[in-house]
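Overview (structure and organization)
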Amino acid sequence: MKTLVLLTALFACASAGIIKTVLDLDEVNAVSNQRLLAPVEKCEQDCLTPAEVQFYSGNRPCRESPCEIYTGEKINMIVNFTAPNYLENLEPKLDMHISILSFPVDIGEPNACHQITNTMCPLVKDEPVSYKPEFYLPSLIPDKTVASLQLSLLDKDTNKSVFCFSIDVQLLSN
Ligand SMILES: *[C@@H]1O[C@H](CO)[C@@H](O)[C@H](O)[C@H]1NC(C)=O
Ligand SMILES: *[C@@H]1O[C@H](CO)[C@@H](O)[C@H](O)[C@H]1NC(C)=O
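Not measured: the values here are computed from a predicted model.

**Some points on the overall build of the chain**
When helices and strands are counted, the chain shows one helix and ten strands. Across the chain, helices and strands are ordered from the amino to the carboxyl terminus as α-β-β-β-β-β-β-β-β-β-β. Long-range contacts, defined here as pairs at least 24 residues apart, represent 65% of the contacts in the chain between residues at least 6 apart.

Here is the structure:
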C-alpha cells in the first residue's frame, strides 16, 4: 500500500513535470512567433517607432534588454517600417549614449537606400521597407559598460527623421 501511494505520488510529480515541459515549449513557440524581435524604446523626439526590429551581435539574436555585445563583433539590425511618405534620399544616424555622454557611431554605408533589402528607393507612401544596417562599435569601451544605441533615418529632402528608436546594450570584452 505504501509503495502504491509512493508510486502514485511519483507519477503525479512526473506528469506535473511533463505538463511544465509542454508549457515551456509553448513559451519557446511564442518567442519564435515573434520572429526574434529585439526590445526597443521610443525616442524622445516625435517620430515613428519601427514595428519590427531584430538585433544581432555576431550571430546571436537579442531578445531581451540589455543586448549583449562582445568587443569586435559585427552588429546587424533588421529594421522593418512602413514608409510614411515618398522618400528618396535617406541617411542613417547612429549615436551611442553612455550616461550623459553621446557620440556618433559610423555606419559604413551613408546611403541607407543601399541597405534596403526588399525594395528600392524611391519609396512610396505606405510601402513596407526592410532596412539592414551593419556596423561595429569602437573597441576601446571598458568591459560591462551599459549604453544605449539610438538609430534614426533622416529624410535628406526635408531634414526630418523618418523613424527613430533606441536599444539598450551591454558591452563585454570577453
Ligand atoms: C522584415 O521584412 C522582411 C522582408 O519583408 C522579412 O523577410 C522579415 O521576416 C521581416 N522581419 C520581421 C522581424 O518581421
Ligand atoms: C537640410 O540640412 C542641410 C544641412 O544641415 C541644409 O544644407 C539643407 O538646406 C536642409 N534642407 C532642408 C530642406 O531644410
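Picking up where we left off.
**Section: the site of ligand 1**
Taken together, Arg35, Leu37, Glu52, Gln54, Ile78, Asn80, Asn118 and Ser130 are the residues near ligand 1. Within the residue set of the shell around ligand 1, elements represented by two or more residues are strand E1 (52-57) and strand E4 (75-82). Here the shell around ligand 1 is composed, by residue class, of two nonpolar, four polar and two charged.

**Looking at the pairing of strand E5 (residues 90-98)**
As a general feature of sheets, a regular strand has side chains that alternate between the two faces. Of the pairings in the sheet, the one linking E5 to strand E9 (residues 145-155) comprises eight bridges and is antiparallel in character. The residue of E9 that forms the bridge with Leu94 is Leu151. As defined by bridge partners, E5 adjoins strand E6 (residues 101-105) across five bridges and the pair is classed as antiparallel. The partner of Leu94 across the bridge, within E6, is Val105. Connecting E5 to the next strand, E6, in antiparallel fashion are two residues, including Ser99 with a positive phi near 55°.

**Describing the sheet that holds strand E10 (residues 160-172)**
Taken in spatial order, the five strands line up as E3-E10-E9-E5-E6 in an open sheet, and their pairing is mixed. With partners counted over all chains shown, the strands left at the sheet margins are strand E3 (67-70) and E6, one partner each. Here the average twist between neighbouring strands, direction ignored, is 35°. Across eleven bridges, E9 lies against E10 in antiparallel orientation. Looking at the pairing, Leu149 lines up with Ile167 of E10.

**A few points about the confidence of the model for the chain**
Scored by pLDDT, the chain comes out at a mean of 85, with 80% of its residues at no less than 70. Every residue in residues 4-11 is under pLDDT 50, and counting partners more than four places away or in other chains gives zero contacts. Segment residues 13-23 is flagged for pLDDT under 50; beyond a separation of four residues in sequence, or across chains, it makes zero contacts in the model.

About the criteria used
Residues numbered from 1 in each chain as written. Chains lettered and ligands numbered in written order. Predicted model: local features only at pLDDT ≥ 70, side-chain atom pairs only at ≥ 80, totals over all residues. Helix = DSSP H or I, 4+ residues; strand = E, 2+ residues; numbered from the N terminus. Contact = placed C-beta atoms within 7 Å. Near = placed C-beta within 6 Å. Nonpolar A, V, L, I, M, F, W, Y, C, P; charged D, E, K, R; others polar. Pairing = 2+ DSSP bridges. Axes fitted to C-alpha atoms, helices over the stretch in contact; angles between N-to-C directions. pLDDT = per-residue confidence, 0-100.

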